[in-house]
Amino acid sequence: MCAVCPEAELPLMSASAAAAALQACAAGGGGSVGALFWQLLASLTHAQCALADRSAFPRDASPPLPEYDFVVVGAGSAGAAVASRLSENPGWSVLLLEAGGDPSPASDVPGLSLTLWQTEMDWAYQTEPEGRACLSQVDGRCAWPRGKGLGGSSSINGMTYIRGSPQNYDGWAALGNDGWSYQDLLPFFKKLENFDAEELKKRPHMASVHGCSGPIHASKPERLDPAFETLDAAAKELGYKIIEDYSAESHVGFGNTHCSISNGMRWSTARGYLVPVTERSNLHVLKFAYVTKVLIREKDQAAYGVQFLKDGTIKEVRARKEVILSAGVINTPHILMHSGIGPKAHLDEVGVPVLKDLKVGYNLQDHLAYFGLCYTRKHLVGTTAEENFFKYLMNRTGPLSTPGLISYNGFTVTDKASPVIPGIDTANYPDIQLMFSLAQSTTYIFTAKDLTLDEETTNALKKLVENEDVILVMLVLLAPRSRGRIRLRSTDPTDLPLIYPGYLEDPDDFENLLAGVEFAQRFGSTDAMQKAGYSVKDFPLKNCSRSSLLKHDYWRCAVAHLTSSGYHPVGTAKMGPSADADAVVDPWLRVHGVRNLRVADASVMPVIVRCNTNVASIMIGEKCAHMVTEEWRHHS
């Protein structure tokens, strides 16, 4: 194995030193090209500590003070924003508790995102088998990666930066959530952004909807693969426009998305919101602190602190003003229910004393994705792993500095579309997203690992990539009608919750997804794709062998097998007015019937946005911090 780099910061490696490290890795590579490739990348993170100085992240504030003004649970996409913004008031003290630690150096490298799942940075959740989806994953359980550590999922995701179309947020407002229309939220989207200044100079018309001084960088990665141009040509052939800015234009179309990347490095909320404020004396960050419950006084139904597990010991910390849960769509309902806030029948069944009967854990939504269709062509000669390594190591350029084809997306409206919220215009409101990624002989094993594919499907993928370049097409169901649920496993808060995603429970979802597969076949069969040497192929499954490949009957069988999470779960602490019997929090994100307790993360979304969810989650954190600030400023 390659030597692990010491804790002290190292100078930038010379090319000769890097070559020596690579040769040392290769000597133990066992003759496997795939193993050698990933050892090269491992040497990048182990031997080049200058990638990201871990001392830049906040120090662990152990032991914490016994009391703070605000206690924020979860340092992820929303929680980091909440804590950072609240601590801008020097008169307030803020404690931010996080179950994980600092992001690994590998998380800073955009091209290494596939290697982060199922590591110490990932909760590595799995759903309960339901028999309608994910049957080609081990035991029929869908892999649900969720970020664990500073930055949360923004530290392990694909870095896609898309807000979503105005209809998403106007739909929230139409459900009775005053203050959540697109125009209401635009200032918070702008506040979080540090949008590419050069791009705004070229397209000044975009300046009115973008911010350029916020903590989260948004830029377009370099298009290093000829496949980008081919996908553009295919989209134009089908009459779609090439979208320059998914945050300022109609979403129906194709093109490169912006990404949360700056100078070839991932820009998570940990880096954007926490690193710049490490010297604030009024913001303490407690790492490896697993929150087990919110402390609530029964006599006045008011939150006054949290209980957490750290270093094997249960401890408590108090909040003078508020507790804010930003633990994510799975952990937030888990904590609420263990605190006695949840559906009475379920809590009684488990044995948790009930303080407030609310529909916690219900309304679970996710973007189900079908990955069984791909575009293949004969191998083209490309750059070597060594060349890519050197480019990134020396200049933060090359393939490792980008997410690759993941940054190219398409959005379309199928003939199966229907509005999720009555009264919201669905014209130019997509219901299917096409996401693309390269599967190569050096990376297929990580694709199989991340999707927890069974042996048959892993071997099918391996066979595909052995002799051809493969573009995997993820057909994403953007407007699911089905709903799932999070349940407690037991009264022990360290037992992970039960996740029932509810995929394809509504038959219209199945038809909608099939319409997306049909569209992807038409896209791959365009003259543009054929001229570039691509052909459309299905994953051959024995379970579906009675049907012909690339036929509707085959897809009807394959959809149940070759599906996975789109990694965008939301909704388990639904936002809504008091008249909404399913709502957990009100439009000010306050938990109904419980004082001094709010939720600020993707779990409050009443309806899932029809795009990637990370930017919307950060915005929720910004909006929450603003509302809290205004409320307590008024009280004072």
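Note: the structure precedes this text.
Let me begin by describing the structure that accompanies this report. (Residues numbered from 1 in each chain as written. Predicted model: local features only at pLDDT ≥ 70, side-chain atom pairs only at ≥ 80, totals over all residues. Heavy atoms only, no water.)

**Notes on the overall build of the protein chain**
For the protein chain, the count of helices and strands is 17 helices and 26 strands. Within the protein chain, the proportion of its 636 residues that are buried is 61%. Accessible area of the protein chain: about 23700 Å², with a carbon and sulfur share of 51%. (Helix = DSSP H or I, 4+ residues; strand = E, 2+ residues; numbered from the N terminus. Buried < 20%, exposed > 50% of the residue type's maximum accessible area, 1.4 Å probe, protein only. Areas by Shrake-Rupley, 256 points an atom, 1.4 Å probe, with all protein chains shown as cover.)

**Quick notes on the packing of helix α4 (residues 166–174) against helix α5 (residues 182–192)**
Geometrically, a packed helix pair is captured by the angle between its two axes and the distance between the axes. Two elements in contact, α4 and α5, have axes whose closest approach is 9 Å; the angle formed by their N-to-C orientations is 120 degrees. By the criterion of interaxial angle, the relationship of α4 to α5 is oblique. Packed against α4, whose contacting residues are Pro-166, Tyr-169 and Asp-170, the element α5 presents Tyr-182, Leu-185 and Phe-189 at the interface. Taken together, the residues of the contact of α4 with α5 sort by class into 5 nonpolar, no polar and 1 charged. (Axes fitted to C-alpha atoms, helices over the stretch in contact; angles between N-to-C directions. Parallel < 35°, antiparallel > 145°, perpendicular 65-115°, else oblique. Contact = heavy atoms within 4.5 Å. Nonpolar A, V, L, I, M, F, W, Y, C, P; charged D, E, K, R; others polar.)

**Examining the packing of helix α3 (residues 79–86) against helix α17 (residues 614–635)**
The N-to-C vectors of α3 and α17 enclose an angle of 30 degrees; their axes lie 7 Å apart at closest approach. In terms of orientation, α3 and α17 fall into the roughly parallel class. Taken as a pair, α3 and α17 cross one another with a handedness that is right-handed. Facing α3, whose interface residues are Ala-81, Val-82, Arg-85 and Leu-86, α17 presents Ile-618, Gly-621, Glu-622, Cys-624, Ala-625, Val-628 and Thr-629. When the residues that make up the contact of α3 with α17 are grouped by side-chain class, the tally is 7 nonpolar, 2 polar and 2 charged. (Left-handed = near helix turned anticlockwise from the far one by under 90°.)

**What to know about the pattern of salt bridges**
In this structure the tally under the stated criterion is 32 salt bridges. Of the charged contacts in the structure, one is a salt bridge between Arg-59 and Glu-279, with a shortest N-O distance of 4.0 Å. Note that Arg-59 is positioned in the loop between α2 (33–47) and β1 (67–73) and Glu-279 in the loop between α8 (269–274) and β12 (283–286), a separation of 220 residues in sequence. Assigned by exposure class, Arg-59 and Glu-279 land together as exposed. One salt-bridge network, held together by shared partners, links Glu-322, Asp-586, Arg-590, Arg-598 and Glu-631. (Salt bridge = Lys/Arg side-chain N within 4 Å of Asp/Glu carboxyl O.)

**Quick word on the pairing of strand β13 (residues 290–297)**
With 6 of 8 residues buried, β13 lies mostly within the body of the structure. In terms of strand pairing, β13 meets strand β14 (residues 302–310) through 7 bridges, oriented antiparallel. Bridging across to β14, Val-291 finds its partner in Phe-308. Counting the residues in the hairpin turn of β13 and β14 gives 4 residues, including Gln-301, whose phi is positive at 50 degrees. (Pairing = 2+ DSSP bridges.)

**A word on the pairing of β14**
Each regular strand shows side chains that alternate between the opposite faces of the sheet. Buried residues dominate β14, accounting for 8 of its 9 residues. Linkage of β14 to strand β15 (residues 313–325), two consecutive antiparallel strands, is achieved through a turn of 2 residues, within which Asp-311 is found at a positive phi near 55 degrees.

**Topic: the packing of aromatic side chains**
Inspection of every chain in the model, using the stated rule, returns 19 aromatic pairs. Centre to centre, the rings of Phe-70 and Trp-632 are 6.4 Å apart; their planes meet at 80 degrees, and the pair counts as edge-to-face. With Phe-70 in strand β1 and Trp-632 in helix α17, the pair connects residues that are 562 residues apart, well separated along the chain. Judged by relative accessible area, which is 17%, Trp-632 ranks as buried. Taking the centre distance of 6.4 Å and the plane angle of 40 degrees together, the rings of Phe-519 and Phe-523 count as tilted. Here Phe-519 pairs with Phe-523, and both are found in helix α14 (residues 507–524), just 4 residues apart, close to one helical turn. Take Phe-519: its relative accessible area is 5%, and that puts it in the buried class. Joined through ring pairs, the aromatic side chains of Phe-228, Tyr-240, Phe-254, Tyr-375, Tyr-408, Phe-436, Phe-519 and Phe-523 make up one cluster. The positively charged end of Arg-271 is found above the aromatic ring belonging to Trp-267, 5.9 Å away from the centroid. In this arrangement the basic side chain of Lys-623 is found over the ring face of Trp-180, its NZ or CZ atom lying 5.2 Å from the centre. (Phe/Tyr/Trp six-rings, centres within 6.5 Å; stacked < 30°, edge-to-face > 60°. Lys NZ or Arg CZ within 6 Å of the ring centre and 35° of its normal.)

**Quick look at the environment of Ala-583**
As for its position among the elements, Ala-583 is in the loop between β25 (563–565) and β26 (597–599). Put simply, Ala-583 and Gly-571 are 12 residues apart on the chain and 9.9 Å apart in space, counted from C-alpha to C-alpha.

**Describing α17**
For α17, with 22 residues, the first-to-last C-alpha span of 32 Å sits near the 32 Å given by 1.5 Å per residue. Of all 22 residues in α17, 16 are buried; the element is thus mostly enclosed. (Expected span 1.5 Å × (residues − 1).)

**Regarding unusual backbone geometry**
A cis geometry characterises the amide bond from Ser-62 onward to Pro-63, with omega recorded as 0 degrees. Position of Pro-63 relative to the elements: it lies in the loop between α2 and β1. Its identity is not glycine, yet Phe-288 carries a phi of approximately 50 degrees, on the positive side. Assignment of secondary structure puts Phe-288 in the loop between β12 and β13. Located in the positive-phi region is Leu-550, a residue other than glycine, with phi close to 60 degrees. Looking at where Leu-550 falls in the secondary structure, it is placed in the loop between β24 (535–538) and α16 (552–558).

**A word on the state of the cysteines**
Tallied over the entire structure, the rule returns 2 disulfides. Cys-134 shares a disulfide with Cys-142; S-S distance 2.2 Å. Across the S-S bond linking Cys-134 and Cys-142, the dihedral sits near 105 degrees, which makes this disulfide right-handed. Considered together, Cys-134 and Cys-142 belong to a single accessibility category, that of buried residues. Residue Cys-544 pairs covalently with Cys-557 via a disulfide, S to S 2.0 Å. Its torsion about the S-S bond being -80 degrees, the disulfide of Cys-544 and Cys-557 is classed as left-handed. Note that Cys-544 is positioned in the loop between β24 and α16 and Cys-557 in helix α16, a separation of 13 residues in sequence. (Disulfide = S-S within 2.5 Å.)

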